[in-house]
Amino acid sequence: MNFVLADKVAPYAWFPEGASSFAPQVDNLFTAILWICILFFVPIVILMGYFMWAFRERPGYRGSPEALHNTPLEITWTVIPTAIAVWVFWEGAMGYLDMARIPKGTVDVNVTAMKWKWAFKYENGGENGFEKIGKTELPVLVLPVDRDVKLIMRSDDVLHSFYVPAFRAKRDVVPGRYNYMWFRPTKLGTFDIFCTEYCGDNHSQMIAKVKVVTEAEYQQALAKAIEEPEDPLERGKLLYKRLGCSTCHYAGEDGANGPGPSYNGSWGKQVSLENGQEVAFDENYVRESILNPAAKARKGYGSASPMNSYAGRVKDEQIDALITFIKSLESAPPKAK
Ligand code: CUA
């Protein structure tokens, strides 16, 4: 199954480790605001409790007349909180402007969000790799340490939001336009990427990893990102993940029917369609379903297929490789859900 349990994602008791140039600024401001709140809240609540007890109504006790005005006191409790609020606003606004102003000379990465997957494309046109984390393979974005990184982000379908807690960086990914964000990773390591905008059934599974490496390792990763294996089956397996087929069509060990029909045991069979017809699951059917998914929607998956068309995004030899992969699962038994 493609489901990831919470324990496979780093558990955070407080803040996750700060790993970008924004982290000290964000953490310090958050901590300062928290302490300001504590330093006001605690004495106010204690005094309130004390006054309720000290001035409670009791026999023979007559309240003193209400105090109406005290200029020095009123000036104090106006000026001090105003100064604090202005300081908080100033620090927050400066931090925000830092995040909004994208520096020159960045490492650029294209980020595409889709239900329910992240895809990353590097400057050389190469695409992200995958790593098995727990039972699930997640997309891995490799970035160099101590370089400014700019993400050029768009969504294929609905509103998503790109969030790396360790970088204290978050931005919405919006369909129909590009959105940008930047940050500078300052620590080597692997960190979580989450989607933080509810985007449908598998929103919580829309996770990925960012791996911060040295410049030399980053160059190696770039070189690897443009390669596709020669062997058609290996190529098909890689494309199955890279193109995002794996988020809905489960295959192999995990080959149950999911949001889309499983690839296991489909090849060469007659399959039922939503419109009541039957069709042979062969090269032409696979090709048509990749390029025009709604044409022959499978029974039980709705006549309006939720899958986006891959026309213009996948080359003929890549479709051949995917066919080789699906064919290789001909006798893999489909698993129960
Ligand atoms: Cu994508 Cu939530």
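Residues numbered from 1 in each chain as written. Predicted model: local features only at pLDDT ≥ 70, side-chain atom pairs only at ≥ 80, totals over all residues. Heavy atoms only, no water.

Considerations on the pairing of strand S1 (residues 107-114)
And then number 1: By the criterion of burial, S1 is predominantly enclosed, with six of the eight residues buried.
And then number 2: Alignment of S1 against strand S5 (residues 149-155), held across seven bridges, turns out to be parallel. Directly across from Thr112, in S5, lies its bridge partner Arg154.
And then number 3: Of the pairings in the sheet, the one linking S1 to strand S2 (residues 117-121) comprises five bridges and is antiparallel in character. When the bridges of S2 are listed, Val111 appears paired with Phe120.
And then number 4: Here S1 folds back onto S2, and the loop between the two strands holds two residues. (Buried < 20%, exposed > 50% of the residue type's maximum accessible area, 1.4 Å probe, protein only. Helix = DSSP H or I, 4+ residues; strand = E, 2+ residues; numbered from the N terminus. Pairing = 2+ DSSP bridges.)

Points about the pattern of salt bridges
And then number 1: In this structure the tally under the stated criterion is 14 salt bridges.
And then number 2: When the shortest N-O distance is used, the salt bridge between Lys237 and Glu234 registers 3.6 Å. Remark: Glu234 and Lys237 occur in helix H4 (residues 232-242); sequence separation between them is three residues, near one turn of the helix.
And then number 3: According to the relative accessible area criterion, Lys237 is partly exposed, its value standing at 34%.
And then number 4: Judged by its relative accessible area of 38%, Glu234 falls in the partly exposed class.
And then number 5: Salt-bridge contacts for Lys296 lead to Glu288; the nearest nitrogen and oxygen are separated by 2.8 Å.
And then number 6: Under the relative-accessibility criterion, Lys296 is labelled partly exposed at 30%.
And then number 7: The exposure class of Glu288 is partly exposed, given its relative accessible area of 28%. (Salt bridge = Lys/Arg side-chain N within 4 Å of Asp/Glu carboxyl O.)

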